[in-house]
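Survey of secondary and tertiary structure
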Amino acid sequence: MSGFRRFSIAFTLMIAAASGAAADFATKPWLQLGDNPRLSTPETVQVLWQTSDTQNKWSVEVAKGDPSAPWRKCEAPASVPLAAITSFTLHLWTANLADLEPGKPFRYRLRADGKTAFEATGAARKHDSKTRFVAFGDCGAETTGQQRIAYQASLLKPDYVFITGDIVYNYGLVSEYLRKYFPVYNADVAGPKSGAPLIRSTLFLAAPGNHDLLRADLNRSPDALGYYYYWSQPLNGPLTGDTTASITNLKGSDQAVAAFKAAAGSRWPRSANYSFDYGTVHWTVLDSNPYVDWSDRKLREWVDKDLESAKSAKWRIVAFHHPPFQSSKAHQKDQWMRLLADIFEKHKVSVVLAGHVHNYQRSHPLRFVADGTTQGVVQRQKDGQVPGTWTLDKTFDGATHTKPEGPLYIVSGAGGAGLYNADQQPKPNTWQPFTVKYIADKHSLTVVDVSDEAFEFQQISDRGETLDTFKITR
Ligand SMILES: [Fe+2]
């Protein structure tokens, strides 16, 4: 981090502290699912926030949505200092909002030294079949496109939001989250030039992208790997710190690594892969970064078992950053997640959702056989490509023929960063044969209405235009 950047962040924090009343929010509160992968009654949601000192005595209270409902005190919040990894003082706080009624709105407030410092509303995870989620990726780039997408997401009032990776540019640093993530998705005022107060009220979940986890040299960037601090997600993935294979390996001095581990706790490396349920949808979320070997038998088994365990779920989605099937010239060789296509097909995954390529793409429903599959598990090639044969379901049109043969592969990576390969949009002859829609001249997000009968998709531009609609039934 440059000296100027360090100074400007420290200065911003000082201003925030000076202008706040009693409390010293470095970042206002945001909600997370925490380590709660499965639906449960009651539900629990976590609230996290950051302060630039520990002078205040914090407490958290929660109440039912009805304004006359009484407040009840939550367990005491816990904090970890991020001071060792940042050049300014930062403390990350977490509290559980427990005993929530599924699907019901709640109010919560943070009190500093007995005075209310922040109050917002949220909603516990829904168990019913009708839910709505928004997805986008490649977003935290400090652009007007990012702000407009955040604003459009807020207008759609989703139950939750999923980010398909590359959450914050360029390196997923804490200092970058402070500038490019929190101010946009937790803006006090909703608007196309600011963003929206989303994350204080709506659950956000994410898959890690290359920009989030590939800068793991803690000597060079002590505040790298912000993903492992700020995303409190289920800890039910296959990878623990017992192995060095297929995890985000840490580089740096013993001191820098120890500071990271102390602050990240059990989230590193476990939370890079996980699964969760929301309503009738089961999500399997994977780390598709190139250090993960998805031809590894144990890792494949974990995906297989996770999807098998969700066979009674009405809908299954798999989400990760690097798209297996996409048509842009950019990142064309990053195909290694094709290695899992057979498992997705076996378990009737409806949609595979990715980002990485900064545009929107939709495939025909497709089945894929990698070359060499008959000899057993296919090994990934050095250049990332996975040649093979696909079978396309061209009868599926998403309107009148809505039962797909095979998963649809969606790229939703137009959440704010500079768009890729718009020149290919009017030239379908430059698309791969499996691509049906390709929209690269506008930032956009995906919104999905889920019911027992259908998955109804819309792709919405950063100005609210509908760019694509289709429906999947079973
Ligand atoms: Fe990426």
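Residues numbered from 1 in each chain as written. Predicted model: local features only at pLDDT ≥ 70, side-chain atom pairs only at ≥ 80, totals over all residues. Heavy atoms only, no water.

**Topic: the coordination of the iron ion**
Within the first shell, the iron ion binds the protein through Asp-166 (OD), Asn-210 (OD1), His-321 (NE2) and His-356 (ND1), at distances of 2.1 to 2.2 Å. Classification of the site at the iron ion as irregular follows from its 4 donor atoms and the range of 85 to 168° in their angles at the metal. Written as a sequence motif, the donor arrangement for the iron ion is D-x43-N-x110-H-x34-H. In this pair, Asp-166 is assigned in the loop between β10 (160-163) and α3 (174-180) and Asn-210 in helix α5 (residues 210-213), connecting sequence segments 44 residues apart. No difference in accessibility class separates Asp-166 from Asn-210, as the two residues are buried. (Donors = N, O, S within 2.8 Å, 3.2 Å for Na, K, Ca; no water. Tetrahedral: all angles 85-135°; square planar, octahedral: opposite > 155°, others 65-115°. Helix = DSSP H or I, 4+ residues; strand = E, 2+ residues; numbered from the N terminus. Buried < 20%, exposed > 50% of the residue type's maximum accessible area, 1.4 Å probe, protein only.)

**So, helix α2 (residues 144-155)**
Helix length check: α2, at 12 residues, gives a terminal C-alpha distance of 17 Å against a target of 16 Å (1.5 Å per residue), a fit within 8%. Taken as a whole, α2 has its buried residues at Gly-145, Gln-146, Arg-148, Ile-149, Ala-150, Gln-152, Ala-153 and Ser-154. (Expected span 1.5 Å × (residues − 1).)

**Overview of the environment of Ala-330**
Looking at the element boundaries, Ala-330 is found in the loop between β16 (315-319) and α10 (341-346). Considering only alpha carbons, one finds Ala-330 and Val-357, 27 residues apart in sequence, at a separation of 7.0 Å. Setting aside anything within four residues of it in sequence, one finds Ala-330 in contact with Val-357, Tyr-420 and Asn-421. (Contact = heavy atoms within 4.5 Å.)

**Brief notes about the confidence of the model for the protein chain**
In the predicted model, the protein chain carries a mean pLDDT of 93, and the fraction of residues at 70 or more is 95%. Throughout residues 1-21 the model reports pLDDT below 50, and contacts reaching past four residues in sequence, or to other chains, amount to 19 contacts. (pLDDT = per-residue confidence, 0-100.)

**Focus: unusual backbone geometry**
At the junction of Thr-41 and Pro-42, the peptide bond is cis and its omega measures out at 0° in the coordinates. For Pro-42, the position within the fold is in the loop between β1 (25-32) and β2 (43-51). Here Tyr-169 and Asn-170 are connected by a cis peptide whose omega angle stands at -5°. Of note, Asn-170 is situated in the loop between β10 and α3. Even without a glycine there, the phi angle at Glu-142 is positive, about 60°. Looking at the secondary structure, you find Glu-142 in the loop between β9 (131-136) and α2.

**Things to note about the pairing of β10**
Side chains Tyr-160 and Phe-162 of β10 all project onto a buried face; the interleaved residues Val-161 and Ile-163 project onto the opposite face, where all are buried too. Two strands pair when backbone bridges link them, and β9 and β10 are joined in this way by 4 bridges, in the parallel orientation. Its bridge partner being in β10, Phe-133 is matched across the sheet by Tyr-160. Regarding the hand of the β-α-β motif, the stretch spanning β9, α2 and β10 is right-handed. Relative to strand β13 (residues 203-206), β10 is paired through 4 bridges, and the arrangement is parallel. Bridging across to β13, Tyr-160 finds its partner in Leu-203. (Pairing = 2+ DSSP bridges. Right-handed = clockwise from strand over helix to strand, strands pointing away.)

**Considerations on the sheet that holds β2**
One open sheet accounts for 4 strands, arranged β1-β2-β6-β5; its pairing is antiparallel. The strands lining the two open edges of the sheet, one partner per strand, are β1 and β5 (78-81). Strand after strand, the sheet turns through a mean of 20° between neighbouring axes, direction not considered. Sheet analysis places β1 next to β2, joined by 5 bridges and oriented antiparallel. Across the sheet, the residue bridging to Phe-25 is Thr-51, located in β2. (Axes fitted to C-alpha atoms, helices over the stretch in contact; angles between N-to-C directions.)

**What to know about the packing of aromatic side chains**
Scanning the entire structure with this criterion turns up 41 aromatic pairs. Ring geometry for Tyr-177 and Phe-182: centres 6.0 Å apart, planes at 45°, overall tilted. Ring centres 6.2 Å apart and planes at 80° place the aromatic pair Phe-260 and Trp-268 in the edge-to-face group. According to the relative accessible area criterion, Phe-260 is buried, its value standing at 0%. Trp-268 sits in the buried class, given a relative accessible area of 14%. The ring of Trp-71 carries the charged tip of Arg-107 above its face, separated from the ring centre by 4.7 Å. (Phe/Tyr/Trp six-rings, centres within 6.5 Å; stacked < 30°, edge-to-face > 60°. Lys NZ or Arg CZ within 6 Å of the ring centre and 35° of its normal.)

**Here we look at the pattern of salt bridges**
Evaluated as defined, the whole model comprises 16 salt bridges. The residue Arg-179 makes a salt bridge to Glu-142 at a minimum N-O spacing of 3.1 Å. Separated by 37 residues along the polypeptide, Arg-179 in helix α3 and Glu-142 in the loop between β9 and α2 bring together distant segments of the chain. One salt-bridge network, held together by shared partners, links Lys-28, Asp-188 and Arg-200. (Salt bridge = Lys/Arg side-chain N within 4 Å of Asp/Glu carboxyl O.)

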